[in-house]
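Next come the chains, spelled out residue by residue.
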Amino acid sequence: QYSADSVAGADGEVDPTEITLPGCSCGTSSCVAAACPCLCRGDNYSGSRLLATERGGFSRPVFECGALCRCSDSCRNRVVQRGLRLRLQVFRARGKGWGLRALEPVPRGGFVCEYAGEVLGRAEARRRMEAQGPEDPNYILALREHLHDGRVLETFVDPTRVGNVGRFLNHSCEPNLVMVPVRVHSVVPRLALFAAADIPAGEELCYDYSGRFHNSPGTSREHKPSEENKGPRKPCYCGSRTCASFLPWDSSLFSTP
């Protein structure tokens, strides 16, 4: 079932559509960083392009103006919520099944699409992972945000049954996209993918499933190749010079909390 936005999963534990963030009181058509609480950490965008997201080795959070904000719908701090704007094409990628590419150039920092699906609680995400066979495709994405006080926020998104075009994005060890959690109306982040470099029309769009790309060393829970629980790791066919030979693998859902 195609859905442009993430929805609550069958377990009903997390509802990403619930409006839980307060809005800004800016009465202008477009907010400015110095006065807007949504932009209290600095500007997010230049036009529709994401500005640098790293400061001191860590990515800063992105909060867009939302449903309760008093600024206009044309505010420059509303990009991801406007949805897909690029002409994208699902195609057969050699050796990898389906893939995704843009039919027009994408500038560095340009918003491409979301990775949308059912937002699950940890228990349901684990149940679905354990129900998969060795040959079944896995679309469940576990996002972990490491906070300054040591806490880790987890978000699980599964587009297996309900999702959008983002489910067709393949992994690359040298990706041209970077995933950024963007909060709009809810504390549940939207998993937005932006161009990490200028991308010519027709080039396959890929991101690093492990989260290594544009993240600090040591924040990934990826395990080295093993036979743990689900058999051998799946091979990587990205073809990059630094290819790790295997797709990223995170076994934490199979371990006892």
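Residues numbered from 1 in each chain as written. Predicted model: local features only at pLDDT ≥ 70, side-chain atom pairs only at ≥ 80, totals over all residues. Heavy atoms only, no water.

Looking at an unreviewed UniProt entry, the chain carries the name SETMR methyltransferase, with the source organism given as Sapayoa aenigma. In the Subcellular location (unreviewed entry) part of its UniProt record, the chain is described as follows: "Chromosome". (UniProt positions renumbered as here; feature names shortened; annotations may be inferred.)

S.K.: Which parts of the structure should I look at to understand the packing of aromatic side chains?
M.R.: Any pair of aromatic rings gets described here by the distance separating the centres and the angle formed by the planes. Across all of its chains, the model carries 4 aromatic pairs by this definition. Where Y115 meets Y207, the ring centres are 6.4 Å apart and the plane angle is 65°; that geometry is what we call edge-to-face. Of this pair, Y115 sits in the loop between β9 (111-114) and β10 (117-120) while Y207 sits in strand β16 (residues 206-207), placing them 92 residues apart in sequence. Both residues of the pair, Y115 and Y207, belong to the buried class. Classification of Y207 by relative accessible area gives buried; the value is 5%. Taken together, the aromatic side chains of Y45, F111 and F194 make up a single cluster linked through ring pairs. We note R92 situated over the ring of W98; from NZ or CZ to the ring centre the distance is 4.1 Å. (Phe/Tyr/Trp six-rings, centres within 6.5 Å; stacked < 30°, edge-to-face > 60°. Helix = DSSP H or I, 4+ residues; strand = E, 2+ residues; numbered from the N terminus. Buried < 20%, exposed > 50% of the residue type's maximum accessible area, 1.4 Å probe, protein only. Lys NZ or Arg CZ within 6 Å of the ring centre and 35° of its normal.)

S.K.: How should the environment of P134 be read in this particular structure?
M.R.: Mapped onto the elements, P134 comes out in the loop between α1 (122-131) and β11 (141-146). In the structure, P134 is positioned 99 residues away from R233 in sequence and 9.2 Å away in space, judged by C-alpha atoms.

S.K.: Explain empty space enclosed by the protein here, please?
M.R.: Under the defined criterion, the tally for this structure stands at 2 cavities of 30 Å³ or more. The residue inventory of the lining of the largest cavity, partitioned by class, reads 5 nonpolar, 2 polar and 1 charged. Quantified by volume, the second largest cavity comes out at close to 30 Å³. Along its surface, the second largest cavity is lined by L39, D43, N44, Y45, R76 and N77. Tallied by class, the residues present in the lining of the second largest cavity amount to 2 nonpolar, 2 polar and 2 charged. (1 Å grid on protein atoms, 1.4 Å probe; cavity = no way out; pocket = protein on both sides within 12 Å on 5 of 7 lines; lining within 4 Å. Points joined across faces, edges and corners; volume = space filled by probe spheres on them. Nonpolar A, V, L, I, M, F, W, Y, C, P; charged D, E, K, R; others polar.)

S.K.: How should I be thinking about the pattern of salt bridges in this particular structure?
M.R.: Charged atoms that come close allow side chains of opposite charge to pair. Going through the model one piece at a time under the given rule, you end up with 15 salt bridges. R122 is paired through a salt bridge with E154; the nearest N and O atoms lie 3.2 Å apart. Taken together, the residues span a long stretch of sequence, with R122 in helix α1 and E154 in strand β12 (residues 152-163) at a distance of 32 residues. Overall, the relative accessible area of 31% leaves E154 in the partly exposed class. Note that E124 is salt-bridged to R128, the shortest N-O span being 2.8 Å. With E124 and R128 both in helix α1, this residue pair falls 4 residues apart, about one helical turn. The same class applies to E124 and to R128, which are both buried. (Salt bridge = Lys/Arg side-chain N within 4 Å of Asp/Glu carboxyl O.)

S.K.: What is the right way to read the sheet that holds strand β1 (residues 7-8) from this model?
M.R.: Sheet strands associate in pairs through backbone hydrogen bonding, adopting either a parallel or an antiparallel arrangement. Read from one edge of the open sheet, 4 strands run β1-β10-β12-β11, paired in mixed fashion. Bordering the open sheet on either side are β1 and β11, each of which pairs with just one other strand. Pairing geometry for β10 and β12, over 4 bridges, is antiparallel. Looking across to β12, one finds that G117 is bridged to G163. (Pairing = 2+ DSSP bridges.)

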